[in-house]
Protein chains: 2
Amino acid sequence: MSQDNEKLPGEPYSKNIRARFWITGDQSGYIGIGRIQLLEKIEQHGSMSQAAKSMGMSYKKAWKLIEELNAMYDEPMIMKLKGGKSGGGSVLTPRGKKIIEDYKLVEQEIEQLLKKLSNRL
Amino acid sequence: MSQDNEKLPGEPYSKNIRARFWITGDQSGYIGIGRIQLLEKIEQHGSMSQAAKSMGMSYKKAWKLIEELNAMYDEPMIMKLKGGKSGGGSVLTPRGKKIIEDYKLVEQEIEQLLKKLSNRL
């Protein structure tokens, strides 16, 4: 097995196979592990700026990613709420919630497959 | 589906899920699609320098990769042949041939899984 301090690509889904995957949009764009984390942080904080901050990402970079995510399907993934005492905030749409579920389904299946295959290598 | 001219990560294993994977060594290192191609080219040309050239890769870079590949397991993957009229050349060891087979097995299984899953997203 590889040494822990070595820089390796992908995620360690099994003892000797690492992988990464991306779901592509109907229209354009893609989402992988980093963008999924951004969506999860937006859901958690209810705020794009706090989500970006929590990931050490600039607001500008987060906004660029969200524009790309919102263009993947007919329905956007993130919606800005206007006004109110709290001055807005951001929430995930049903489309945004579904992509997280889809991602986790694929991840679970890949992990299961690679754990099985790792014993055959 | 994404536009063809868009730059997307990974390999298009299904209509809406792309992926990449890497097999890690017993001792250190990893091998992914690019390094597998290098092994295949060495097998095809019987020469490291011609393999590197055919991939537009410098000999120095190829040599660095091969040193890493040869350190993945107890047995090296590539062996240099000494002397002879042709002035040597390089061949794959059984370990080098096996890693190509392993890689193709994992690739086939991932492709099959992702094609199945792509209909559920």
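These lines cover the structure that appears in this document, whether it is placed above or below.

Definitions and limits used
Residues numbered from 1 in each chain as written. Chains lettered and ligands numbered in written order. Predicted model: local features only at pLDDT ≥ 70, side-chain atom pairs only at ≥ 80, totals over all residues. Helix = DSSP H or I, 4+ residues; strand = E, 2+ residues; numbered from the N terminus. Buried ≥ 20, exposed ≤ 12 C-beta atoms within 10 Å, placed from the backbone. Contact = placed C-beta atoms within 7 Å. Axes fitted to C-alpha atoms, helices over the stretch in contact; angles between N-to-C directions. Parallel < 35°, antiparallel > 145°, perpendicular 65-115°, else oblique. Left-handed = near helix turned anticlockwise from the far one by under 90°. Nonpolar A, V, L, I, M, F, W, Y, C, P; charged D, E, K, R; others polar. Pairing = 2+ DSSP bridges. Least-squares fit on C-alpha atoms with pLDDT ≥ 70 in both. Expected span 1.5 Å × (residues − 1). Arc of directions from axis to C-beta.

This part covers the overall build of chain A. Helices and strands together make up the secondary structure of chain A, namely four helices and four strands. Expressed as lengths along the three principal axes of its C-alpha atoms, the size of chain A is roughly 55 × 30 × 20 Å. Within chain A, the fraction of its 121 residues that count as buried is 32%. Taking all contacts inside chain A whose residues are at least 6 apart in sequence as the whole, residues at least 24 apart take part in 45%.

This next bit is on the packing of helix H1 (residues 33–45) of chain B against helix H4 (residues 94–118) of chain B. All names here are of chain B. Where H1 contacts H4, the two axes come as close as 10 Å, and the packing angle between them is 130 degrees. In this view, H1 runs oblique relative to H4, as classed from their interaxial angle. In the crossing of H1 with H4, the sense of the turn from one axis to the other is left-handed. Judged by residue contacts, Ile36, Leu39 and Glu40 of H1 engage Gly96, Ile100 and Tyr103 from H4. For the contact of H1 with H4, the residue count by class is four nonpolar, one polar and one charged.

In this complex, chain B contributes 29 residues to the contact, which on the side of chain A involves 29 residues. At the level of secondary structure, the elements contributing two or more residues to the side of chain B that touches chain A comprise strand E1 (17–24) and H4 of chain B. In terms of residue count, the dominant contributor to the side of chain B that touches chain A is E1(B) (eight residues). Classifying every residue of the side of chain B that touches chain A gives 14 nonpolar, nine polar and six charged. Alignment of strand E1 (residues 17–24) of chain A against E1(B), held across seven bridges, turns out to be antiparallel. The residue bridging A:Arg20 from the neighbouring strand is B:Arg20, located in E1(B).

Looking now at the relation of the copies chain B and chain A. Once turned by 180 degrees and shifted 0.0 Å along the axis, chain B lies on chain A with an RMSD of 0.0 Å. Such values leave the two copies arranged in the relation of a two-fold axis. Across chain B, the rotation axis passes nearest the C-alpha of B:Arg20, at a separation of 2.7 Å. Comparing interface residues between copies, 100% of those in chain B also sit at the interface in chain A, which points to an isologous, same-surface contact.

Attention now moves to H1(B). All names here are of chain B. With 13 residues, H1 ought to run about 18 Å at 1.5 Å a step, and its terminal C-alpha atoms sit 18 Å apart, in line with that. What H1 keeps buried is the set Arg35, Leu38, Leu39 and Ile42. Down the axis of H1, the sector holding all buried residues measures 95 degrees, keeping them to one side. Away from its buried face, by an angle of more than 90 degrees, H1 presents the exposed residues Gly34 and Gln44. Packed against the buried residues of H1 are strand E2 (30–31), helix H2 (48–54), helix H3 (59–70), strand E3 (78–81), strand E4 (89–92) and H4. Downstream of H1 by a residue or two, Gly46 has a phi angle that is positive, lying close to 65 degrees.

To continue, consider the sheet that holds E2(B). The sheet built from four strands is open, its strands ordered E2(A)-E1(A)-E1(B)-E2(B) with antiparallel pairing. The open sheet is flanked by strand E2 (30–31) of chain A together with E2 of chain B, the only strands paired with a single partner. Bridge count between E1(B) and E2(B): two bridges; the pairing is antiparallel. What sits directly across from B:Thr24, in E2(B), is B:Tyr30. Taken strand by strand, helix H4 (residues 94–118) of chain A contacts E1 and E2 of chain A together with E1 of chain B, and its axis lies near 155 degrees from that of E1(A).

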